[in-house]
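A structural walkthrough
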Amino acid sequence: MRRRLPLSLEVTFSLLSGVGSFVAVALLSTYLRNHVPTVHAPLLGVVLLAVVLVLARTAGIMYALPVGVAAVQAFDWFFLPPLRDLNDTSLIVLGLFISTATIVATVATVATRRAVESERARGDLAGEQAALRRVATLVAAQAKPAEVFTAIADELAGLIGAEGTFVARHDDDGVTVVATYGLLSHDMPMGRRLELGPASVLMTTAIEAGEPIKRVGDPFRTGPFSDIIGRLGLGAAIATPVTVGGRQWGVIVAATTQPDFPPGTEARICDFMELAATAIANTQAEQQLRELAETQASLRRLALLIAQGEPPERVFTAVTAEVLRHFGGGHARLVRYELDGTVTLLAGDAWDGDALAAVVKETGRAARVDDTAVGVPIHVNGRLWGMFVVGSGEEELPADTEVRMTEYTDLVATAVADAQSRADLQSSRARIVAAADEARRRIERDLHDGAQQRLVALALRLRGAGMDLEGDARRDVTDVAADLMTVIDELRELSRGIHPAVLSDSGLRPALRALARRSPLPVEVDVRVAGRLPQAVEVGAYYVVSEMVTNAAKHSGASVVEVTVDVADDVLRLVVCDDGAGGADPARGTGLLGLKDRIEALGGTFDVRSPAGGGTTVTCRVPLATPRPAGP
């Protein structure tokens, strides 16, 4: 494109062109007339006309007119003999020549301009199509929304020649930057939130008007962002609203260091964003599908843990890990509000989050104390149970984190409630079993220290009294004393069944060996346990072995019972195996079912394998130390 000169210079150069052309044609005509008599006037006239046309097309009418007039006069005066005066005929010829040249030159200029504009339009369209293809390729490859938004900002900058662009998504009372490119990358980073209103007049006006708004010159350089504009040397900016699916989605802003954008830039931005809106809609749809699939997979994993009866502590840890997987950031935590007003950290690293916990507890809604941590409440059975905390370290969390986390938390709250219910049930069962064991120990102590001692004393007194008697009376007293000692032995055995004293005094290994010695069938005991175990675990293991030995002796017809006890990774493993008839089923009797309840109350597992004719094997695994949630 020819660069425009000031009008005064254009006129000066035009006149000089006419003078120069007059001199040139005069010299050429004189030479040809004197030295080349074979040159015909029409031929030379056609050549001069062609020169004028070329000049009109390349330089414009302002240069073609003086050159044409000067050329015709020089041709008439110096080539056509004799020398002509400027008469009526010459003026008519000159007028026809200039008119023809002007008309042809004008038509040629208009045609050329339209051809250039058409070529430029084709180039712009090709550029837009290429840019949209690149964006569509990202969408088809299921790129993250941030990548697609950044590509849109990049491609738009290339199309309109902007040095900086950013894309912002609109919410209730502001916009959040979701992509940035070029000079604005540092000052408008992803995640930055901008309030609408006086603080963002350009974007606010564009969103309210529903059309592109441009700011140039001094009005553009004043306002809240004047320091950024001055530092970057920006001269103009255009804010264009973005509509997706018939609804207002956000705004895209383009800035340049030039004094202004080329004419028609606003229209080009609108055309591009109208098509790019489809890519945004597809990206959001893909993102929603991915999030839905991830949420369903997450819920399936949690449901599987609960169905497998995993301890509540592991469920809490898994739920927290799923929250971190969904929302990224540096960390995620699960905390519980206690009845005494304290806060217990159930999963995640310890942190000083008293202020955030207090805000969530007071409002019952999601909150953030600063932009690096968000707390979302968890409601279980209609009451505030606790909260999830997601933190990003030093970076700002996206503006929609609270909304997205609340939607997800509402879904996983069921898993938390199930885990809490399981924990409450396990604690309740453990308390019931502990209370029953304590009652057994008390009964055993009362029998040993009370009734047994008194019966032994009474038996000794009868024996002493019998020594002073003769005949049948002595024999009768002696028989009563013997019967009384039998009752004492039976009562001693009964007290052992209630709760063996050796278990409380010496531990699991001596108690199982004593049980084996009293068994009516051979019992092989292999206990590889160093030291004492928790009392509840020892009692539970003892009663499992006692019940299984009794069942083997009474019902299975077994010839031997093998008992193996060991400890690995803070878990007690107990295996009781016999070679009897098998066919044992906890569902058909209260004995095995009671043992199962006792072991599960300790947080353990109780498995029975008893095929018909293949003997019975009971395997128990009991954790020796149940993990406790760390304090805040």
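See the structure printed just above.
Notes on the structure in this doc start here. (Residues numbered from 1 in each chain as written. Predicted model: local features only at pLDDT ≥ 70, side-chain atom pairs only at ≥ 80, totals over all residues. Heavy atoms only, no water.)

Some words on the overall build of the protein
When its secondary structure is counted, the protein shows 17 helices and 15 strands. Relative to its 632 residues, the protein shows a buried fraction of 39%. Considering only contacts in the protein between residues 6 or more positions apart, those separated by 24 or more positions represent 62%. Looking at the protein as shown, the accessible area adds up to about 33900 Å², and 58% of this sits on carbon and sulfur atoms. (Helix = DSSP H or I, 4+ residues; strand = E, 2+ residues; numbered from the N terminus. Buried < 20%, exposed > 50% of the residue type's maximum accessible area, 1.4 Å probe, protein only. Contact = heavy atoms within 4.5 Å. Areas by Shrake-Rupley, 256 points an atom, 1.4 Å probe, with all protein chains shown as cover.)

Regarding the packing of aromatic side chains
As enumerated under the stated definition, the model contains 2 aromatic pairs in all. Their ring planes at 80 degrees and their centres at 5.6 Å tell us that Tyr542 and Tyr543 sit as a pair that is edge-to-face. Here Tyr542 and Tyr543 have matching classes, each one buried. (Phe/Tyr/Trp six-rings, centres within 6.5 Å; stacked < 30°, edge-to-face > 60°.)

Some remarks on unusual backbone geometry
Not every positive phi belongs to a glycine, and Asp569 is a case in point at roughly 55 degrees. In this structure, Asp569 sits in the loop between β12 (561-568) and β13 (571-578). With a phi angle near 60 degrees, Asp570 is a residue other than glycine that sits in the positive phi range. You can see Asp570 is positioned in the loop between β12 and β13.

Structural notes on the pattern of salt bridges
Enumeration according to the criterion identifies 8 salt bridges in this entry. With a closest N to O distance of 2.9 Å, Arg532 and Glu538 form a salt bridge. Since its relative accessible area comes to 45%, Arg532 is described here as partly exposed. A cluster of three or more residues bridged by salt bridges with shared partners is formed by Asp526, Arg528, Asp566 and Arg573. (Salt bridge = Lys/Arg side-chain N within 4 Å of Asp/Glu carboxyl O.)

A short note on the pairing of strand β15 (residues 616-623)
The element β15 is largely enclosed, with a buried count of 6 among its 8 residues. Where β13 meets β15, 8 bridges bridge the pair, whose relative direction is antiparallel. Its bridge partner lying in β15, Val571 is registered against Pro623. Where strand β14 (residues 605-609) and β15 come together, 5 bridges link them in antiparallel fashion. Residue pairing for β15: Thr605 is matched across the bridge by Arg621. Between the end of β14 and the start of β15, which pair antiparallel, lie 6 residues, with Gly613 showing a positive phi angle near 80 degrees. (Pairing = 2+ DSSP bridges.)

A few points about the packing of helix α15 (residues 508-518) against helix α16 (residues 535-556)
At a minimum axis distance of 10 Å, the contact between α15 and α16 shows a crossing angle of 15 degrees. Regarding the angle of α15 to α16, the classification is roughly parallel. α16 is crossed by α15, and the crossing has right-handed handedness. The segment α15 lies against α16, with Leu508, Ala511, Leu512, Leu515 and Arg518 engaging Glu538, Ala541, Tyr542, Val545 and Ser546. (Axes fitted to C-alpha atoms, helices over the stretch in contact; angles between N-to-C directions. Parallel < 35°, antiparallel > 145°, perpendicular 65-115°, else oblique. Left-handed = near helix turned anticlockwise from the far one by under 90°.)

Looking at the sheet that holds strand β6 (residues 247-256)
Strand order in the open sheet formed by 6 strands is β3-β2-β1-β6-β5-β4, with antiparallel pairing between adjacent strands. Strand pairing shows two members of the sheet lacking a second neighbour, β3 (193-195) and β4 (213-216), which therefore form its edges. When the angles between neighbouring strand axes are averaged without regard to direction, this sheet yields 25 degrees. Strand direction decides the pairing type here: strand β5 (residues 236-244) and β6, joined by 9 bridges, are antiparallel. The residue bridging Ile238 from the neighbouring strand is Ala254, located in β6. Along the sheet face, helix α5 (residues 145-160) touches β1 (164-170), β2 (174-182) and β6 and points at about 60 degrees away from the line of β2.

Digging into a nonpolar patch on the surface
On the surface, a nonpolar cluster with roughly 280 Å² of combined accessible area is contributed by Leu9, Phe13 and Leu16. If you trace the backbone, Phe13 turns up in helix α1 (residues 7-35). Overall, Phe13 belongs to the partly exposed group, its relative accessible area being 38%. (Patch = residues over 30% accessible without salt bridge, like charges linked within 9 Å, V, L, I, M, F, W, Y side chains within 5 Å.)

Shape descriptors only; they carry no functional weight alone.
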